[in-house]
Amino acid sequence: MEVKIDWGGPDGMLFVGQTGTGHIAAMDGAPEGGGHNLAPRPMELLLVGTGGCTAYDVVLILKRGRHAITGCSVKLQAERAEVDPKVFTKIHFVFTVTGSNLPRTAVERAIALSHEKYCSASAMLAHSAEITWSAEIVDTAPPSTTSP
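Because the structure is a prediction, the values reported are computed rather than measured. (Residues numbered from 1 in each chain as written. Predicted model: local features only at pLDDT ≥ 70, side-chain atom pairs only at ≥ 80, totals over all residues. Heavy atoms only, no water.)

(A) View of the sheet that holds strand S4 (residues 68–80). If you walk across this open sheet you meet the 3 strands as S4-S5-S6, and the pairing is mixed. At either margin of the open sheet sits one strand with a lone partner, and together these are S4 and strand S6 (130–139). On average, each strand axis in the sheet is inclined to that of its neighbour by 15°, with strand direction left out of account. Packing of helix H2 (residues 104–118) onto the sheet brings it into contact with strand S5 (88–100) and S6, and relative to S6 it is tilted by some 150°. (Pairing = 2+ DSSP bridges. Helix = DSSP H or I, 4+ residues; strand = E, 2+ residues; numbered from the N terminus. Axes fitted to C-alpha atoms, helices over the stretch in contact; angles between N-to-C directions. Contact = heavy atoms within 4.5 Å.)

Okay, structure coming up:
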């Protein structure tokens, strides 16, 4: 895997990254750090990548288990150290998984497998941060009707 990062020049802290697969991501800093707030911070993108990595796993695991998943989102809430290097010290993942009759045990197993076995990003961050998670399941199955 290879990426290239180019600085936007002396008037700020805008950086543009290009991935080996040809995709582009911009990064910038806060004005107090010389940036112009034109793009996400690099550490924000690290969280975005981690959330994407684990959500990908969860969806794939549930689909392979033939569960009727129709949606998955994950919100990451992170804390960082106060001194340099300001590594993440705590990250809490809040998953919202949508589908029809999704068993809580299957959803929780998919999340656990992602964090314990498959998601490289969260595995790396677990070396500096306490990783926790919670899950909400939104059932889209029509309510069952029973005859009186």
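(B) Looking closely at the packing of helix H1 (residues 42–64) against H2. Packing of H1 against H2 leaves a shortest axis separation of 9 Å and a crossing angle of 130°. One way to sum up the angle between H1 and H2 is to call them oblique. Handedness of the H1/H2 crossing: right-handed. On H2, the residues that touch Thr54, Asp57, Val58, Ile61 and Leu62 of H1 are Ala106, Val107, Arg109, Ala110, Ile111, Leu113, Ser114, His115 and Tyr118. Of the residues belonging to the contact of H1 with H2, the class tally is 9 nonpolar, 3 polar and 2 charged. (Parallel < 35°, antiparallel > 145°, perpendicular 65-115°, else oblique. Left-handed = near helix turned anticlockwise from the far one by under 90°. Nonpolar A, V, L, I, M, F, W, Y, C, P; charged D, E, K, R; others polar.)

(C) Summary view of the side chain of His115. Mapped onto the fold, His115 is located in helix H2. Under the relative-accessibility criterion, His115 is labelled buried at 14%. Sequence-distant contacts of His115, defined by excluding residues within four places in its chain, comprise Thr54, Phe93, Phe95, Ser122, Ile131 and Trp133. (Buried < 20%, exposed > 50% of the residue type's maximum accessible area, 1.4 Å probe, protein only.)

(D) Region of interest: unusual backbone geometry. At the junction of Asp84 and Pro85, the peptide bond is cis and its omega measures out at -10° in the coordinates. As for its placement among the helices and strands, Pro85 is situated in the loop between S4 and S5. Positive phi, normally seen in glycine, also occurs at Asn101, with a value near 55°. If you trace the backbone, Asn101 turns up in the loop between S5 and H2.

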